[in-house]
Amino acid sequence: MNRPELRIHTERFLSNIRAVRERIAPSELMLVLKDDAYGHGLSWAVEAAERGGVGWYGSYDVRSALEVRRVLQADARIFAWATSTDAEIDEALLHRIDLGVGTAEYLARIVSRAQTLGLRAGVHLKIDTGLHRNGLLPEEWEQTVAAARAAEAGGHVALVGVWSHLAEASDAEDDEAQRVFLEAVNLTGDPAEAPQVLHLTASAASWWRSELRGSLSRIGAFCYGIRSADGPELAGITPVAELVATVVDVVDDCALVGIGSFDGLPSTLAGAAVGTPAGARALERIDHLASRVAGWPGMAVGDEIVLFGPGGQGEESATSLAERIGTVGEEILTRLTPRVRRVIVSPSTASGTQALLRGD
Ligand SMILES: *Cc1c(COP(=O)(O)O)cnc(C)c1O
């Protein structure tokens, strides 16, 4: 093994998904897949989650939503929330991808494309509840809902959902955001014709604040076992991946390990503890292509070093590593470059591990 490996455990992922679904029920899980499934690989995540019974998939843009559609065996629901070009809208409509809509202009373009193609667009209107990140302002809400309802009557739109995104900065702010959200939902008209799904919360609020959950919860981080930075451990949630590299040279009292900042490992992580065959040792320095780890008796080329991962004697997770440098686990995982091989560890494969095709 001369390239670093991100070892991805399918069983842990499925077990996290089970724990999340139990915790949030009766709210349904929408598995969020942005940033190539938080660096774990989108195809792997979709295939595994589908086996785990997940029925909703959320991806940032239409391009990755199409990738989700290609991987899915059954006709599950897919939601893409980035404002997209007309060409992307066409692709979304053809492949039954629901669109998140945060501006009246985007809604008008979707209606126009649906009319041209003779298709019906599944639309989730986004109310701005305070984050000021692509959402309809309360003062333009009623007019935009009316436009969506008119297009619905014409057969070009189905108003499937209402959604928003929380800051998760304080409970009070999130409470206020929910108030604005529910007011917007009330303004969609007769409760008998209410949109089918309401979604407001992501990992942390879905887990800790049951009163904020809608009928659907958009969750990424916790399914991959990424807990919130400076947040508590989560019962039943385990980091899905561990990052492993091997000793490539032994110099004086140190082991040189084949992973560096060019692989996406922040050089500011120097000083962290990593797992060696002899227990925890200091990661003394991170260079471009290799890193230096304090040595141990009998160290040899080929020894495996665990940069993070459960039970690895170094940092438990990408999050605990990230906390050392004031960032979040997602950043550590999504920065890893394609040179880091994604290796799927699945008990059902005879050899125990199976290389994913990505980057090889
Ligand atoms: C990233 C994201 C999520 C998922 O957030 P997690 O904290 O990873 O669960 C949900 N909704 C939107 C709009 C997002 O951008």
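It should be emphasised that the depicted structure is a prediction, and the values quoted were computed from it without experimental measurement.

Caption draft 1: Region of the structure containing unusual backbone geometry. Residues Ala 25 and Pro 26 are joined by a peptide bond in cis, for which omega reads 5°. The backbone phi angle of Tyr 38 is positive, close to 55°, even though this residue is not glycine. Phi is positive for Asp 252, close to 50°, though the residue is something other than glycine. Inspection of the secondary structure assignment puts Asp 252 in the loop between β10 (241–251) and β11 (254–257). Look at Asp 252 and you get exposed, because its relative accessible area is 71%.

Caption draft 2: Looking closely at the pairing of β10. As paired elements, strand β1 (residues 5–9) and β10 share 4 bridges and run antiparallel to each other. By the bridge assignment, Arg 7 is partnered in β10 with Glu 242. Relative to strand β15 (residues 304–308), β10 runs antiparallel, the two being bridged by 4 bridges. By the bridge assignment, Ala 245 is partnered in β15 with Ile 305. Two elements, β10 and β11, share 4 bridges in a ladder whose sense is antiparallel. Looking at the pairing, Asp 249 lines up with Leu 256 of β11. Linking β10 to β11, which pair antiparallel, is a turn of 2 residues; within it Asp 252 sits at a positive phi near 50°.

Caption draft 3: Broad picture of the site of the ligand. As a matter of local geometry, the ligand sits amid Val 32, Lys 34, Tyr 38, Trp 81, Trp 163, His 165, Ala 202, Ser 203, Arg 218, Ile 219, Gly 220 and Ala 221. Take Tyr 38: an N or O atom from its side chain is 2.6 Å from an oxygen atom of the ligand. Contact with the protein chains removes 89% of the 380 Å² of surface that the ligand exposes when unbound. Applying the majority rule of atoms within 2 Å of the grid points places the ligand in the largest pocket. Elements with a contribution of two residues or more to the shell around the ligand: α2 (34–38) and β9 (216–219). Residue classes in the shell around the ligand are distributed as 7 nonpolar, 3 polar and 2 charged.

Here is what the cut-offs are and how they apply
Residues numbered from 1 in each chain as written. Predicted model: local features only at pLDDT ≥ 70, side-chain atom pairs only at ≥ 80, totals over all residues. Heavy atoms only, no water. Helix = DSSP H or I, 4+ residues; strand = E, 2+ residues; numbered from the N terminus. Buried < 20%, exposed > 50% of the residue type's maximum accessible area, 1.4 Å probe, protein only. Pairing = 2+ DSSP bridges. Near = heavy atom within 4 Å. Polar contact = N/O pair within 3.5 Å; in protein donor to acceptor, adjacent residues only side chain to side chain. Areas by Shrake-Rupley, 256 points an atom, 1.4 Å probe, with all protein chains shown as cover. 1 Å grid on protein atoms, 1.4 Å probe; cavity = no way out; pocket = protein on both sides within 12 Å on 5 of 7 lines; lining within 4 Å. Sits in = over half its atoms within 2 Å of the grid points. Nonpolar A, V, L, I, M, F, W, Y, C, P; charged D, E, K, R; others polar.

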